[in-house]
Amino acid sequence: MANDQEKEAAARASLQFIQDGMVVGLGTGSTAAYFIKLLGEKVKNGLRVRGIPTSVRSREMAESLGIPLTTFEECQKIDVTVDGADEFDPELRLIKGGGGALLREKIVASATRQEVIVADASKQVKRLGKFPLPVEVIKFAEPLVAKRIRALGADVRQRTGADGKPYISDENNHILDCRFGEIEDPDGLARQLSDMPGVVEHGLFIGMASVVVMAKGGEVVEVRR
Ligand code: 5RP
């Protein structure tokens, strides 16, 4: 089964977590986009939800599909968020941010009662780290932060867009893609990165995912801790 079919199957299965009247976090990335599209169809058929998007991209998509939106000004509790991931391990620790939205994604996840991760089978790993860890940084501090992360053993690259210019996040920051190889202690690394002045947020999501809905071949499984 091709990745895209798995992504759509996982997104479709995640709809079971959505109920009428809920506030729903809308993830970012190609798998989350399938979910937003399917949610849009449900809304057209009468489902009443309010969405909180994790990126400008997802907000625009939700608006184009007629999904009503809300903000943290109106509402600080999210019932369910459906988002993608770049990797997840057996403890449901995640690497996120491949799509550049890790900061808003983590803020939304932190306000969410049930964080549902939708994934194709390629995202399941024994140990995190094959995927370069995205770290969002304040531009002013970027060279300093890059040097400090290199000192932790990572190959660090500034993310660039298709035009070769630095990638700019929705919050106007840069992103460093940090290749650690297998990360032995994700919890410890998460603390080290959070303690680094100039790091706005990193893509290690620890203790946030409630369940991963993963499509593998023709079947969809729920992976829990
Ligand atoms: C965006 C993300 C995405 O959820 C992650 O990159 C997975 O994307 P995709 O579903 O396209 O594989 O974290 O910041």
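Computed from a predicted model, the values in this text were never measured in an experiment.

With respect to helix α1 (residues 3-14)
Thought 1: With 12 residues, α1 ought to run about 16 Å at 1.5 Å a step, and its terminal C-alpha atoms sit 17 Å apart, in line with that.
Thought 2: If you check which residues of α1 are buried, you get E6, K7, A10, A11 and S14. Down the axis of α1, the sector holding all buried residues measures 135°, keeping them to one side.

Some words on the packing of aromatic side chains
Thought 1: As enumerated under the stated definition, the model contains 0 aromatic pairs in all.
Thought 2: Above the ring of F205, the side-chain terminus of K96 is found at 5.6 Å from the ring centroid.
Thought 3: Over the face of the ring belonging to Y167 we find R159, whose NZ or CZ atom lies 5.5 Å from the ring centre.

Focus: the packing of α1 against helix α2 (residues 30-44)
Thought 1: Contact geometry of α1 with α2 gives a least axis separation of 8 Å together with a crossing angle of 50°. By the angle between their axes, α1 is oblique relative to α2. Here α1 runs over α2; the crossing is right-handed. On α2, the residues that touch D4, K7, E8, A11, R12 and S14 of α1 are S30, T31, Y34, F35, K37 and L38.
Thought 2: Partitioned by chemical class, the residues of the contact of α1 with α2 number 4 nonpolar, 3 polar and 5 charged.

Some points on the nonpolar core
Thought 1: Counting residues in hydrophobic clusters, the biggest one holds 24 residues, and the most contacted among them are I18, V24, F35, L39 and V49.
Thought 2: Elements with a minimum of two residues in this core: α1, β1 (23-26), α2, β3 (78-83), β6 (112-120) and β12 (211-216).
Thought 3: The leading source of residues in this core is α2, at 5 residues.
Thought 4: If we skip the residues at most four places from it in the chain, V49 touches I18, Q19, M22, V24, L39, V43, I67 and P68.
Thought 5: Formed by 22 residues, the second largest nonpolar core is a distinct cluster that contains V125, L128, L176 and V199.

Here we look at the pattern of salt bridges
Thought 1: A full pass over the atoms with the stated rule returns 16 salt bridges.
Thought 2: Among the salt bridges present, the one from D20 reaches R48, with a minimum N-O distance of 2.4 Å. Pair noted here: D20 is in the loop between α1 and β1 and R48 is in the loop between α2 and β2 (50-53), with a separation of 28 residues, a long-range link.
Thought 3: Residue E105 pairs with K96 through a salt bridge whose shortest N-O separation is 3.1 Å.

Quick look at the sheet that holds strand β11 (residues 204-205)
Thought 1: What the 3 strands build is an open sheet, ordered β4-β5-β11; its pairing is antiparallel. What marks the edges here is a single partner per strand, and that holds for β4 (87-88) and β11.

Concerning α2
Thought 1: Counted at 1.5 Å a residue, the expected span for α2 with its 15 residues is 21 Å, and the 21 Å between its end C-alpha atoms agrees.
Thought 2: Those residues of α2 that fall on the buried side of the exposure criterion are T31, A32, F35, I36, L38, L39, G40 and V43.
Thought 3: On its buried face, α2 is in contact with α1, β1, α3 (56-64), β3 and β6.
Thought 4: Immediately beyond the C-terminal end of α2, within one or two residues, lies G46, with a positive phi of roughly 115°.

Focus on the pairing of β2
Thought 1: Sheet analysis places β1 next to β2, joined by 4 bridges and oriented parallel. Paired with V24 across the bridge in β2 is G51.
Thought 2: Each parallel crossover has a hand, and the one from β1 via α2 to β2 is right-handed.

Analysis parameters
- Within each chain, residues carry numbers counting from 1 in the order of the written sequence.
- Residues qualify for local features only when their pLDDT is at least 70, as the model is predicted, and side-chain atom pairs are given and counted only at 80 or more; totals for whole chains, interfaces and linings, by contrast, use all residues.
- Side-chain metrics in this entry use all non-hydrogen atoms of the structure; hydrogen atoms and water are not considered.
- Under the scheme used here, helices are H or I runs from DSSP no shorter than 4 residues and strands are E runs no shorter than 2 residues, and both carry numbers assigned from the N terminus.
- A helix is expected to span 1.5 Å for every residue after the first.
- Accessible area is worked out with a 1.4 Å probe on protein chains only. A residue is then buried under 20% of its type maximum, exposed over 50%, and partly exposed in between.
- It is the directions from the helix axis to the C-beta atoms that the arc portrays.
- For Phe, Tyr and Trp, rings pair up if their centres lie within 6.5 Å, where Trp contributes its six-membered ring, and each pair is then called stacked (planes under 30 degrees apart), edge-to-face (over 60) or tilted (otherwise).
- Two conditions define a charge sitting above a ring: the NZ of Lys or the CZ of Arg must be within 6 Å of the ring centre, and it must be within 35 degrees of the ring normal.
- Note on geometry: axes are C-alpha line fits, over the in-contact stretch for helices, and angles between N-to-C directions span 0 to 180 degrees.
- Convention used here: angles under 35 degrees read as roughly parallel, angles over 145 as roughly antiparallel, angles from 65 to 115 as roughly perpendicular, and any remaining angle as oblique.
- In a left-handed crossing the near helix is turned counterclockwise from the far helix by less than a right angle, and in a right-handed crossing that turn is clockwise.
- We call two residues contacting when some pair of their heavy atoms lies within 4.5 Å.
- Three residue categories are used. Nonpolar comprises Ala, Val, Leu, Ile, Met, Phe, Trp, Tyr, Cys and Pro, charged comprises Asp, Glu, Lys and Arg, and polar comprises the others, including Gly.
- For the purposes of this section, nonpolar cores are sets of buried Ala, Val, Leu, Ile, Met, Phe, Trp, Tyr and Cys residues that join through side-chain atoms within 4.5 Å.
- Any carboxyl oxygen of Asp or Glu that lies within 4 Å of a side-chain nitrogen of Lys or Arg is treated as forming a salt bridge with it.
- Here a strand pair is declared whenever DSSP counts at least two bridges between the two strands.
- A crossover counts as right-handed when, viewed with the strands pointing away from the observer, the path leading from the first strand over the helix to the second turns clockwise.

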